[in-house]
Structures are given as C-alpha cells and as structure tokens.
Amino acid sequence: MSFKIELDHIGIATPSLEGNSFFKLLGLGDAGTEEVVTEKVKVGFFDTDNSARIELLKPTSEDSPIAKFMDKRGPGIHHICFRVQGIEDIAKRLKEAGVQLINEEPRMGAHHCKVVFIHPKSTGGVLVELSEKVSHE
Ligand code: ZN
C-alpha cells in the first residue's frame, strides 16, 4: 500500500502578523497572507526549501478559535498539518479507530484545501490538521 503523507505546515497563534518579522529575518520566504473568514483568522505564510511552511494565525475576532486558544495558552504552536491524499477515507478510518475528530466532514480551509482537524486528546496533546489540495476548477 503506498500512502503519501507530508508535513505541510506548522500553525502558530500570534497577536500580530506584522509584528512577527522573525521568520523573514531567519530567511524564510514571505508567501503572503490570506483571510479565512470561516475560521475568523488572517493567515501569514512563510516558505522553507522543502514543502513545509510556517503559518502565522492572527484572530480577526474575539470569538475566533485562535483568540480563545491565546486566551487560554498564550501565543505559540497551535497545530501541525499533514498533507494527505484521500482525506475522506482517512477521516473515516481514524473515526472508526476511536480518534476524536473536530469536524468529521472535511471543510474548506486556506489555499483551496479540504481540511479535517483532530482533537489534541487523540494525538498526544497537539491539534492536528489533515489537508488535501482540491484542484482548481
Ligand atoms: Zn493550518
């Protein structure tokens, strides 16, 4: 069975995208920003030389999940994301194995991707995102 999985990005909760110039200073490529209205966040992307990126997440509203996260735990690593193929099948398989999914049906995230979030209780303490690129129509 060949199954392809890659580390796609690490999501970091931050109070300010502009205030965080560290990753640029370090030498990562500034890959722009995108607002994800459904998640109430503005996202800043930084590229490394493999496919893995840094994703800075700034809440756009006080009831954003990222705002709630920072209220509880402060800024810092919020989630890690794996790029997968066949996200529906994987979500089903995990659910059947007793893994706690936050959304059982994949939903649209940034960059034309279908995403599923997995509860930290089921992963050893970190929120895990699975993401599959949807081809442009
Ligand atoms: Zn993410």
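Residues numbered from 1 in each chain as written. Predicted model: local features only at pLDDT ≥ 70, side-chain atom pairs only at ≥ 80, totals over all residues. Heavy atoms only, no water.

*Asks:* I tried to follow the coordination of the zinc ion on my own but got confused; where do I start?
*Replies:* Perfect tetrahedral coordination of a metal by four donors corresponds to 109.5 degrees between them, and perfect octahedral coordination by six donors corresponds to 90 or 180 degrees. Distances from the zinc ion to its protein donors, His9 (NE2), Glu55 (OE), His79 (NE2) and Glu129 (OE), fall at 2.0 to 2.4 Å. Viewed at the metal, the four donor atoms of the zinc ion are separated by angles of 86 to 169°, and the geometry they form is irregular. Expressed as a motif, the donor residue spacing for the zinc ion is H-x45-E-x23-H-x49-E. Here Glu55 is found in strand 4 (residues 53-59), whereas its partner Glu129 is found in strand 8 (residues 127-133), with 74 residues between them in sequence. Neither residue differs from the other here; Glu55 and Glu129 are each classed as buried. (Donors = N, O, S within 2.8 Å, 3.2 Å for Na, K, Ca; no water. Tetrahedral: all angles 85-135°; square planar, octahedral: opposite > 155°, others 65-115°. Helix = DSSP H or I, 4+ residues; strand = E, 2+ residues; numbered from the N terminus. Buried < 20%, exposed > 50% of the residue type's maximum accessible area, 1.4 Å probe, protein only.)

*Asks:* Got a minute to help me understand the environment of Ile102 in this structure?
*Replies:* With respect to the secondary-structure elements, Ile102 resides in the loop between helix 3 (87-96) and strand 6 (107-108). Exposure remark for Ile102: the relative accessible area of 47% places this residue in the partly exposed category. Along the backbone, Ile102 and Ile118 are 16 residues apart, and their C-alpha atoms lie at a distance of 5.5 Å. Setting aside anything within four residues of it in sequence, one finds Ile102 in contact with Phe117, Ile118, His119 and Leu127. (Contact = heavy atoms within 4.5 Å.)

*Asks:* Before we go on, may I ask you to explain the nonpolar core in this structure?
*Replies:* For soluble globular proteins, the rule of thumb is that nonpolar side chains tend to be buried together. Of all hydrophobic cores here, the largest spans 11 residues; its members are Val84, Ile87, Ile90, Ala91, Leu94, Val99, Leu101, Val116, Ile118, Val128 and Leu130. Breaking this core down by element, the ones donating at least two residues are helix 3, strand 7 (113-118) and strand 8. Per-element tally for this core: the top contributor is helix 3, with four residues. Once residues within four sequence positions are removed from consideration, Val84 is found in contact with Phe3, Lys4, Ile5, Ile90, Leu130, Ser131 and Glu132. (Core = buried A, V, L, I, M, F, W, Y, C linked by side-chain atoms within 4.5 Å.)

*Asks:* Whenever I open this one, the layout of surface pockets confuses me. Can you help?
*Replies:* Where empty space is left becomes clear once a probe the size of a water molecule has been rolled over the atoms. Looking at the largest pocket, its volume works out to about 750 Å³. Here the lining of the largest pocket is composed, by residue class, of 17 nonpolar, eight polar and 11 charged. (1 Å grid on protein atoms, 1.4 Å probe; cavity = no way out; pocket = protein on both sides within 12 Å on 5 of 7 lines; lining within 4 Å. Points joined across faces, edges and corners; volume = space filled by probe spheres on them. Nonpolar A, V, L, I, M, F, W, Y, C, P; charged D, E, K, R; others polar.)

*Asks:* Hey, could you run me through the pattern of salt bridges in this one?
*Replies:* Side chains carrying opposite charge are able to pair once their charged atoms draw close together. This model, assessed by the stated rule, comprises nine salt bridges. Between Lys40 and Asp63 there is a salt bridge, and its shortest N-O distance comes to 2.9 Å. You can see Lys40 sitting in the loop between strand 2 (29-36) and strand 3 (41-47) and its partner Asp63 sitting in the loop between strand 4 and helix 2 (65-73), a full 23 residues away along the chain. Under the relative-accessibility criterion, Lys40 is labelled partly exposed at 32%. Residue class for Asp63 comes out partly exposed when judged on its relative accessible area of 38%. Where Glu96 meets Lys92, a salt bridge forms, and the shortest distance between an N and an O atom there is 3.9 Å. One end of the pair, Glu96, and the other, Lys92, are both in helix 3, four residues apart, so they sit about a helical turn from each other. Judged on exposure class, the residue Glu96 and its partner Lys92 are both exposed. (Salt bridge = Lys/Arg side-chain N within 4 Å of Asp/Glu carboxyl O.)

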